[in-house]
Amino acid sequence: MDLTYSLTHIILPFLGLAFLVLIVILILNRLLFNLRQPKINLVKAKIDDFLTTLVFSAYEANELKSKINDFKKEIPFKKKWCKKIVLNKIIFLKRNLKGDIIKTSHLIYEQFDLFNYSISLLKSKKKYLNCLGMYHLKALEYRKGKDYVTPFLNHKNRILNSSAYLTVISLEPENLGLLYNYQKPIFLAGEINIMNIIHQKKPPIPGNLKDWIHSTNPSIVRLGIKLMAFYNYTNENQSIITHLKSDDEKIRLAVITAIRQLFIFDTEKQLIELFDTESKNNQLEILKTLAVIGSKDTEEFIYNLLKKPIDSDIKLKAVKSLSKMNSNFIENFIGNHEISKMIQHVKIPSI
Amino acid sequence: MILKNFIEYYEIFVAVFSSAYILFYMLLAVLSYYAIKKHLNAKYFIHDDVLLKSNYIPGVSVIAPAFNEGANVVYNVKSLLSLNYPKYEVVLVNDGSTDDTLEKLIKEFELVKIDFFYQEKIPTKTVRGHYKSTNPVYSKLLVVDKENGKSKADASNAGINSSKHPLFLCTDVDCILKNDTIIKLAKPFIESKKRVIATGAGIRISNSCEVKEGFLVKIRFPKGWYPRFQELEYVRAFLFGRMAWSQLNSLLLVSGGLGMFDKEIAVKAGGYWHKSLGEDMELITRMRKYMYDNKLDFSVKYIPESLCWTEVPGNREILIRQRVRWARGLIQTLNLHKDMFFNPKYGRTGFLIFPYFFAFEFLVPILEAIGFITLIISFFYLNINYESFLYLTIAVYLFYLNLTIISILLDEILYKHYSSVKEILILIMTAIIEPIFYHPINVYASLKGYYHFFRQKEQAWGNMQRQGFNTQNDN
């Protein structure tokens, strides 16, 4: 087959046809969008009005049910896009309205039969739909959905697995202790999610918290230390301190921060001894902690540190810590041009 | 005879080269689709709202260099101060402006000079002072006043040195950022398993957009032909190319107009190189090199969303000036880091990205020029098969066109930035004529850039002449 034949009989017709098909799809897609959008906007406005009225009205359950059933006939509720709009609006109202909105939002969620929709997502083979289903339950704090999430606690996929743990904890914060069994690493996003749940729902201290810091999973150890600091749990201070010798830099960082938050004063000497062998990040954190728990020993330590040729970030943090501890003591450096400038810098309140 | 042999060998070379080019682009298309899908599917793992309420997210410094921006600087800073992120600062660097940029900032934001301890981790021109507002409303603003360094790189470096957060976002002061830009760009740093060293996102054209006091009021389709051609280029490059490169963890270019970086790595890599004409690409290259040299696992991520609107050259003269600079920046970076080529130490940067940039970015304009000359010679001296040539040309043209239309389609399905069928038809028309009217200008500019590089012509920053935005009336 020569080149001209291939070009004229295969390649060019294929490329030409592809071009035409793409153009048709592109234009049709826009025309359909333009055609559907006003209708969608209208339905959206109706849903907004209806749900807002519903939330602020004191209907009995039966009355609410009949109102919803009537409304479902007014909108193309069987369409997925319509269900999505209703669901997102319920989530929006639940998130943004203060007061006891949970019960009403759950009633509306059930009456619209959206729980079954969320279950269908959880049963889907597509992982992102599973995550979406979990998101619905989490956002609405819909505890009844927990059983549909628990099978994912043992899922091999990291994202699904971690999402399931977060959903279960979010739905039943009192089950926070469940996290102790989590085997995989927890990254910053997961930690933020967990801490957010704890801050918002303030669950009771997990019964097994003392075991967390002995877990074989470094992420759980780290999280355990953070939780102890959050709950002001001082029973395990000695166990926390032993982790200053951990090989994991992030665990040591969590310990240094916890020492500050739990005011474990008797670790001053250990922190000073640890300083030279630590990473820059941890050194900065040590200085911050020493500013809170330090005594004359710390002042002496920082005084000597500032005389050494060290990294300027460390120096600045040292000056900040020292001036926080003893603003008179820092005046000893008044003749040192660099440190004098640092002193001026740390005095600026907005920096 | 020699000429005939040359043409024959050249034909074979071009056939192999073009096939590789086409295959590569097809692969990029598949990867891009996969990466976009992955990005969209991941959004429910951690909701933006959770991050926005958290005390545990990393802080971000938004660095915006300004040179003689007195006309709009106040609006632009207000726009930057209104971004939605709980822990950020705006570091505006006045790069020795000769107009009233600094005076306007001092007056509007009630600034006073402070005793800032400036740590010159990256060498810059002399910093004259730092200013903070006495009004708590503007507590997030830090203004750095420095001597002009004749480059955005030098001003950005002064901003990095003055910033306090572990991540920094570099932008141009006249760029209009979407309200959720910081959270979108910071999210990969929070979510990723590997250490993310930089993130970027899509940039769109603001030339015809309606802007009021630094805020984008209405997105409008570009009116002039040159902005329209660039609109096509941006959609294709950002949504198509960069997403695919991001999927391969091989992104080498995060735009100067919008990019977020890990400060520690950027500083250790030496910051922006003030002599570079493609400082954004050069910084990423150096950051990658640093990570490889220190055997640290890393990734550079790209987000398939348009988060920034910027003004692009509105006429041929400014466009050529910009593209000459870009071409020079490309060859400068490739030359500066030539030790990375096929060096096992640099992994896919050495074996994939650099060879790609050399072959399909640097060489293409040269080959196109040689091809054109060869065609003219053949016309006079050789008996070439015009029929095959014509069909081949049409095939290449249609392939190129299909790629562009796929990009527009992807953009339409995902974001629907255009408001009507008319705008889409104009865009299709623009795509049809782009290879004939616009592409040759780019080839010319690239060759001129290479020529300037080899002649070591003194480099200078071309001032981008801005037309300004359509402003909405108050009434």
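Not measured: the values here are computed from a predicted model. All chains use their own residue numbering, which begins from 1 and follows the written sequence. Both sets of labels track the order of writing: A upward for chains, 1 upward for ligands. Selection of residues for local features in this predicted model requires a pLDDT of at least 70, selection of side-chain atom pairs for listing and counting requires 80 or more, and totals for whole chains, interfaces and linings are taken over all residues. Based on all heavy atoms of the structure, the side-chain values leave hydrogens and waters out of the count.

## Concerning a nonpolar patch on the surface
Residues and elements named next belong to chain B.
Part 1 of the reasoning: Only residues whose relative accessible area exceeds 30% and that form no salt bridge enter a patch; like-charged residues are grouped when within 9 Å of one another, and nonpolar side chains (Val, Leu, Ile, Met, Phe, Trp, Tyr) when within 5 Å. Each accessible area value is a Shrake-Rupley result obtained with a 1.4 Å probe; residue values ignore everything except the protein chains displayed when judging cover. A carboxyl oxygen of Asp or Glu within 4 Å of a side-chain nitrogen of Lys or Arg is what we treat as a salt bridge. Together, L3, F6, I370, F372, I376, F379, F380, Y381, Y386 and F389 make up a nonpolar patch on the protein surface, roughly 1,100 Å² of accessible area in all.
Part 2 of the reasoning: Think of it this way: any DSSP run of H or I at least four residues long counts as a helix, any run of E at least two long counts as a strand, and we number them from the N terminus. Looking at the nonpolar patch, the elements that each hand over two or more residues are α1 (2-41), α11 (347-381) and α12 (386-414).
Part 3 of the reasoning: Looking at which element gives the most residues to the nonpolar patch, the answer is α11, with six residues.
Part 4 of the reasoning: Mapped onto the fold, F372 is located in helix α11.

## Examining the interface of chain B and chain A
Part 1 of the reasoning: The partner chain A presents 50 residues to the 52 residues of chain B that form the contact.
Part 2 of the reasoning: Simply put, the buried area is the total loss of 1.4 Å probe accessible area from both parts when two parts are fitted together. Summing both sides of the interface, chain B and chain A together bury roughly 4,700 Å²; the carbon and sulfur share of this comes to 70%.
Part 3 of the reasoning: Broken down residue by residue, the surface that chain B buries against chain A is led by F45, Y56 and F117 of chain B, which jointly contribute 18%.
Part 4 of the reasoning: At the junction of chain B with chain A, the criterion picks out two salt bridges.
Part 5 of the reasoning: Across the pair K121 of chain B and D313 of chain A runs a salt bridge, and its minimum N-O distance is 2.9 Å.
Part 6 of the reasoning: Polar contacts here mean pairs of N or O atoms no more than 3.5 Å apart (in protein, one a potential hydrogen donor and the other a potential acceptor; neighbouring residues in sequence count only if both atoms are side-chain atoms). Scanning the region where chain B abuts chain A turns up 10 residue pairs in polar contact (both at pLDDT 80 or more).
Part 7 of the reasoning: Elements with a contribution of two residues or more to the side of chain B that touches chain A: α2 (48-53), α6 (181-191), α12 and α13 (421-454) of chain B.
Part 8 of the reasoning: For the side of chain B that touches chain A, the element with the most residues is α12 of chain B, which contributes 16 residues. When checking whether two residues touch, look at their non-hydrogen atoms; a contact exists if any pair is within 4.5 Å.

## Let's talk about the sheet that holds strand β5 (residues 141-146) of chain B
By definition, the strands of a sheet pair up through backbone hydrogen bonds, in either a parallel or an antiparallel sense.
Residues and elements named next belong to chain B.
Part 1 of the reasoning: Think of it this way: DSSP has to see at least two bridges between two strands before they count as a pair. Read from one edge of the open sheet, 10 strands run β3-β4-β5-β2-β1-β6-β11-β8-β12-β7, paired in mixed fashion. Only two strands of the sheet have a single neighbouring strand rather than two, namely β3 (111-114) and β7 (176-177).
Part 2 of the reasoning: Sheet topology note: the strand β4 (residues 127-133)/β5 ladder contains five bridges and is antiparallel. In the sheet register, G129 faces β5, and the bridge partner there is D145.
Part 3 of the reasoning: Those strands touched by α6 are β1 (60-66), β2 (88-95), β6 (167-171), β7, β8 (195-205), β11 (258-262) and β12 (298-310), and its axis lies near 150° from that of β8. Geometry is summarised by axes, namely lines fitted to C-alpha atoms with helices restricted to the contacting stretch, and by angles between N-to-C directions that run from 0 to 180 degrees.

## Notes on empty space enclosed by the protein
Empty space left among the atoms is revealed by rolling a probe the size of a water molecule over them.
Part 1 of the reasoning: With a 1 Å grid spanning the protein atoms alone, the term cavity applies to any set of points in which a 1.4 Å probe fits but cannot get out, the term pocket to an open set with protein on both sides within 12 Å along at least five of seven lines, and the term lining residue to any residue with an atom within 4 Å of a point. Grid points are joined across faces, edges and corners, and a volume is the space filled by probe spheres set on the points. According to the stated counting rule, one finds three cavities of 30 Å³ or more in the structure shown.
Part 2 of the reasoning: Together, 14 residues line the largest cavity, and S162, Y182, I186, F187 and G190 of chain A are the ones closest to its centre.
Part 3 of the reasoning: Of all the elements in the fold, those that place two or more residues in the lining of the largest cavity are α8 (158-171) and α9 (188-201) of chain A.
Part 4 of the reasoning: At four residues, the largest contribution of residues to the lining of the largest cavity is made by α8 of chain A.
Part 5 of the reasoning: What the second largest cavity holds in volume is close to 90 Å³.
Part 6 of the reasoning: Lining of the second largest cavity is provided by 14 residues; of these, G202, R204, F238, L239 and S306 of chain B occupy positions nearest its centre.
Part 7 of the reasoning: Elements that contribute at least two residues to the lining of the second largest cavity include exactly β8, α7 (225-247) and β12 of chain B.
Part 8 of the reasoning: With five residues, the single largest contributor to the lining of the second largest cavity is β12 of chain B.
Part 9 of the reasoning: Three residue categories are used. Nonpolar comprises Ala, Val, Leu, Ile, Met, Phe, Trp, Tyr, Cys and Pro, charged comprises Asp, Glu, Lys and Arg, and polar comprises the others, including Gly. By residue class, the composition of the lining of the second largest cavity is nine nonpolar, two polar and three charged.

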